[in-house]
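Each chain is listed here by its residues.
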Amino acid sequence: QVQLVESGGGLVQAGGSLRLSCAASGSIFSINAMAWYRQAPGKQRELVATISRSGSTNYADSVKGRFTISRNDADDTMFLQMNSLKPEDTAVYYCRAEHGVLNVGYWGQGTQVTVSS
């Protein structure tokens, strides 16, 4: 099993930056792709960015050019650097990891990001 703990959320003004972290523990040697999702009030959870074990990345169109996903397998951490934040980025951000040959998904508890206008 894998445990994921997010941190780094908070309140920021529009145009500002935040860096989210996701610390993994447990059976980390079998973690494959990782991703950030977010869920705004009254909306469905949506994919923000993904990063493969080899480091390949993909982003939602709404965050391309503003957010950067990265991972450091040496200390089992994934990051999301968020720049030029907009009020519509306000959401709970969740970390997800796919584990093992069956790519079983694990979720963190989420961290709140609030962007004021």
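Residues numbered from 1 in each chain as written. Predicted model: local features only at pLDDT ≥ 70, side-chain atom pairs only at ≥ 80, totals over all residues. Heavy atoms only, no water.

Asks: Any details on the pairing of strand S7 (residues 67-72)? Residues and values, ideally.
Replies: The alternating pattern of S7 places Phe67, Ile69 and Arg71 on a buried face, while none of Thr68, Ser70 and Asn72, on the opposite face, is buried. Where S7 lies against strand S8 (residues 77-82), 6 bridges are found, and the strand directions are antiparallel. Note on S8: the bridge partner recorded for Ile69 is Leu80. (Buried < 20%, exposed > 50% of the residue type's maximum accessible area, 1.4 Å probe, protein only. Helix = DSSP H or I, 4+ residues; strand = E, 2+ residues; numbered from the N terminus. Pairing = 2+ DSSP bridges.)

Asks: Talk me through unusual backbone geometry; I want residue IDs and the actual numbers.
Replies: Its identity as a non-glycine residue notwithstanding, Ser84 has a phi of 50 degrees, on the positive side. The topology assignment puts Ser84 in the loop between S8 and strand S9 (91-99). Overall, Ser84 belongs to the partly exposed group, its relative accessible area being 41%. Phi is positive for Asn103, which is not a glycine, with a value near 50 degrees. For Asn103, the position within the fold is in the loop between S9 and strand S10 (104-107).

Asks: Explain the sheet that holds S7 to me, and be specific about the residues and the numbers.
Replies: Across the sheet, which stays open at both edges, the 4 strands sit in the order S1-S3-S8-S7 with antiparallel pairing between neighbours. Both outer strands of the open sheet, strand S1 (2-7) and S7, are each paired with one neighbouring strand and no more. Looking at each pair of strands side by side, their axes are set apart by 15 degrees on average, direction ignored. (Axes fitted to C-alpha atoms, helices over the stretch in contact; angles between N-to-C directions.)

Asks: How would you summarise a nonpolar patch on the surface if you had to cite specific residues and measurements?
Replies: Taken together, the side chains of Val101, Leu102 and Val104 define a hydrophobic patch exposed on the protein surface, amounting to about 350 Å² of accessible area. Along the chain, Val101 turns up in the loop between S9 and S10. (Patch = residues over 30% accessible without salt bridge, like charges linked within 9 Å, V, L, I, M, F, W, Y side chains within 5 Å. Areas by Shrake-Rupley, 256 points an atom, 1.4 Å probe, with all protein chains shown as cover. Salt bridge = Lys/Arg side-chain N within 4 Å of Asp/Glu carboxyl O.)

Asks: Lay out the pairing of S10 in plain terms, naming residues and giving numbers.
Replies: A regular strand places its side chains on the two faces of the sheet in alternate fashion. Here S9 runs beside S10; their pairing, made up of 4 bridges, is antiparallel. Bridge pairing links Ala97 to Tyr106 in S10. In textbook terms, the turn of a hairpin is the stretch between consecutive antiparallel strands, and for S9 and S10 this stretch comprises 4 residues, one of which, Gly100, has a positive phi near 75 degrees.

Asks: Can you lay out the nonpolar core for me, pointing to particular residues and giving the numbers?
Replies: With 27 residues, the main nonpolar core has Leu4, Met34, Trp36, Leu80, Met82 and Tyr93 as its most contacted residues. Those elements that place two or more of their residues in this core are S1, strand S3 (18-26), strand S4 (31-39), strand S5 (46-51), S7, S8, S9 and strand S11 (111-116). (Core = buried A, V, L, I, M, F, W, Y, C linked by side-chain atoms within 4.5 Å.)

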